[in-house]
Amino acid sequence: MQKILIIEDNPMVVKSLEFKLSRENYEVVVAKDGREAMNFLDLHSFDLVLTDLMLPFISGTQLIQHIKETFPRTPVIVLSTSKQENIIMDAFNLGVDDFITKPFNPNELSLRVKRSIRKFQ
Amino acid sequence: MKNLEPSSIYSILLIENSLDESNHFVDIVKKENEKAQIKVFANSFEAIQWLQQNHPEVLVIMEDAQPMNASQTTDYIRQELQLKIPIFIASASSEKRLEHRILKPFSRESMSVLFENVTETQEIQEQPLFSLDYLRDISDNNMEFIMELLEIFKTSVEKQLQELEIAKEENDYEKAARIAHNIKPSFEMIENEEATAICNNITYDIEDHSLSNLTSELKIIFSRILLQIEKNFARKKS
């Protein structure tokens, strides 16, 4: 079973992502902030990371930088909201693989997750 | 957004220190609408505190309420709380019988102006404030999931709005922006554009707005959404 790390602190978004991805047979692990995500990344390997950019303790961009340096074969998809165009551009410069705007379109989520995981297999 | 049917449930806040009068008031309202919710306070200060977290359709206050009389309470509600709730003053004197005045002792006749106003206010407030379309879409119409998400909406947004209130009091604009960014998707998921726009203003354009006003507006919208969710599901159960 492929394992996905979600780093997001909005409980409705988390629940929806968990619901949708679990139904598609992914194992889902949730971190509510960047610090917790770092701990999970040290302990487990993930097939994909889905992360928000505005996170408590460690910013999304710092986290992405860490993942891309330490786990270069782990794809990262950014969970953005509208009006975050500049931040998304910064994230792409750090090497993120894709972005999904919240609230996510369920079909788009499935496609982008599959595509990003496939790219690194 | 889908249209929701208007509801017959409404809530009234009464500030009245005579137990007989308040009981009489409740009886008349209940005869008019058995589902109406009436919150009674003998003290105007306690009523104001309650109003900061609750949003009834209408307020009725006795003219010589204590510790703040009807006029002082109205000023406070309009200027400090910035609430546009209709306010009726209950008075035994018929001399100053104005549009928003109810003659005491309460009677069905003297309260007719109140019932007309509640109906009008309800029609305005019953504009749909939420839609379940998105939640249905992501869950293939799984009602258990939708109910769980609505419960998460209630508890998580309520908690975040309390945090936003603290950030406002501390003039911590950065924290306010983080909170607004965090709760924006919650309002988007139930398709409330007004609250989404307020979250954007707090997150990105606060220099052009008053954090205090935006926080109050967001709290009012949230409270109305909750009321509408409650009414909507109460209708489905009945």
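Our structure is the block above this text.
Predicted model, so just to flag it, every value in this text is computed and none were measured.

A. Spotlight on the packing of helix α6 (residues 143–169) of chain B against helix α7 (residues 173–189) of chain B. Residues and elements named next belong to chain B. At a closest axis distance of 10 Å, the pairing of α6 and α7 adopts a crossing angle of 160°. When the axes of α6 and α7 are compared, the pair comes out roughly antiparallel. The interaxial crossing formed by α6 with α7 has left-handed handedness. Taking contact as the criterion, the partners of Leu149, Phe153, Val157, Gln160, Leu161, Glu163, Leu164, Ile166 and Ala167 in α6 are, on α7, Lys175, Ala176, Ile179, Asn182, Ile183, Ser186, Phe187 and Met189.

B. A look at the sheet that holds strand β3 (residues 48–52) of chain A. Residue and element names in this part refer to chain A. Sheet architecture is open: five strands sit in the order β2-β1-β3-β4-β5, paired in parallel fashion. The open sheet terminates on both sides in strands that have one partner only, identified here as β2 (27–31) and β5 (98–101). On average, each strand axis in the sheet is tilted by 20° relative to the strand beside it, whichever way the strands run. Of the strands in this sheet, β1 (3–7), β3, β4 (76–80) and β5 touch helix α5 (residues 106–119), which is tilted by about 165° from β5.

C. Representation of unusual backbone geometry within the structure. The linkage connecting A:Lys102 with the following residue, A:Pro103, adopts the cis geometry, with an omega of -10°. The residue A:Pro103 is located in the loop between β5 and α5 in this model. Each neighbour pair has its own omega, and for B:Gln66 with B:Pro67 the value is -5°, a cis peptide bond. Here the phi dihedral of B:Asp140 falls at roughly 55°; this positive angle occurs in a residue that is not glycine. By the element assignment, B:Asp140 lies in the loop between α5 (133–139) and α6. Despite not being glycine, B:Glu191 shows a phi value in the positive range, around 65°. Among the residues examined, B:Glu191 registers a relative accessible area of 24% and is labelled partly exposed.

D. Highlighting the side chain of A:Lys3. Residue and element names in this part refer to chain A. Structurally, Lys3 is set in strand β1. Comment: no salt bridge for buried Lys3; closest opposite-charge side chain is Glu27, at 4.3 Å. Aside from chain neighbours lying at most four places away, what touches Lys3 is Glu27, Val29, His44, Ser45, Phe46, Asp47 and Leu48.

E. Representation of the layout of surface pockets. All names here are of chain B. For the largest pocket, the calculated volume is near 850 Å³. Lining the largest pocket we find 34 residues, and of these Leu51, Gln52, Gln53, Asn54 and His55 sit closest to its centre. Those elements giving two or more residues to the lining of the largest pocket turn out to be β1 (11–15), β2 (37–41), α2 (44–51), α6 and α9 (211–237). Counting residues per element, the lining of the largest pocket draws most heavily on α9, at ten residues. Split by domain, the lining of the largest pocket shows at least three residues from each of two domains, domain 1 (11–125) and domain 2 (133–237).

F. Focus on the interface of chain A and chain B. Listed as interface residues are 20 residues of chain A and, on the opposing side, 25 residues of chain B. In total, about 2,100 Å² of surface goes out of reach between chain A and chain B, with carbon and sulfur atoms giving 62% of it. At the junction of chain A and chain B, the tally comes to two salt bridges. For the pair chain A and chain B, the interface holds seven residue pairs in polar contact (both at pLDDT 80 or more). Considering each element in turn, the side of chain A that touches chain B owes the most residues, eight residues, to helix α1 (residues 11–23) of chain A.

G. Examining the nonpolar core more closely. Counting residues in each nonpolar core, the largest one holds 54 residues, and the members touching the most others are A:Leu50, B:Leu135, B:Phe187 and B:Leu218. Considering every element that reaches this core, the biggest residue donor is α6(B), with ten residues. With near-sequence residues (within four places) excluded, B:Leu218 lies in contact with B:Leu161, B:Leu164, B:Ile183, B:Phe187, B:Ala195, B:Ile198, B:Cys199 and B:Ile202. Within the second largest apolar cluster, 19 residues are counted, among which are A:Leu5, A:Met38, A:Ile58 and A:Ala91.

Rules used in this analysis
- Sequence order sets the numbering: in each chain, residues are counted from 1 along the sequence as written.
- To label them, take the chains in the order written and letter them from A, then take the ligands in the order written and number them from 1.
- Only residues with pLDDT of at least 70 are given local features in this predicted model, and only at 80 or more are side-chain atom pairs given and counted; all residues enter the totals for whole chains, interfaces and linings.
- With hydrogens and water excluded, all non-hydrogen atoms of the structure serve as input to the side-chain values.
- The angle between two axes is taken between their N-to-C directions and runs from 0 to 180 degrees, where each axis is a line fitted to C-alpha atoms and a helix contributes only its stretch in contact.
- The way it works is that DSSP assigns letters per residue, a run of H or I at least four long becomes a helix, a run of E at least two long becomes a strand, and they are numbered from the N terminus.
- Any angle that is under 35 degrees is reported as roughly parallel, and any over 145 degrees as roughly antiparallel; angles of 65 to 115 degrees are reported as roughly perpendicular and all others as oblique.
- A crossing counts as left-handed when the near helix is turned anticlockwise from the far one by less than a right angle, and as right-handed when that turn is clockwise.
- Any pair of residues with heavy atoms lying within 4.5 Å of one another is described as a contacting pair.
- Any two strands with at least two DSSP-identified bridges between them are counted as paired.
- Think of it in three bands: residues with accessible area under 20% of the maximum for their type are buried, residues over 50% are exposed, and the middle band is partly exposed, with areas taken using a 1.4 Å probe on protein chains only.
- Charged residues are defined narrowly, with Lys and Arg counted positive, Asp and Glu counted negative, and His plus the chain ends left uncounted.
- What makes a salt bridge here is a side-chain nitrogen of Lys or Arg within 4 Å of a carboxyl oxygen of Asp or Glu, nothing more.
- Only protein atoms enter the calculation, which uses a 1 Å grid: trapped sets of points that fit a 1.4 Å probe without letting it out are cavities, open sets showing protein on both sides within 12 Å along at least five of seven lines are pockets, and any residue with an atom within 4 Å of a point is a lining residue.
- Grid points are joined across faces, edges and corners, and a volume is the space filled by probe spheres set on the points.
- Each domain's limits were defined by an automated method or a database of domain assignments.
- Summed over both partners, the accessible area lost on bringing two parts together, with a 1.4 Å probe, is the buried area.
- Between N or O atoms, a polar contact is any pair within 3.5 Å; within protein, one atom must be a potential hydrogen donor and the other a potential acceptor, and residues adjacent in sequence are included only when both atoms are from side chains.
- Throughout this description, the term nonpolar core refers to a set of buried Ala, Val, Leu, Ile, Met, Phe, Trp, Tyr and Cys residues connected via side-chain atoms within 4.5 Å.

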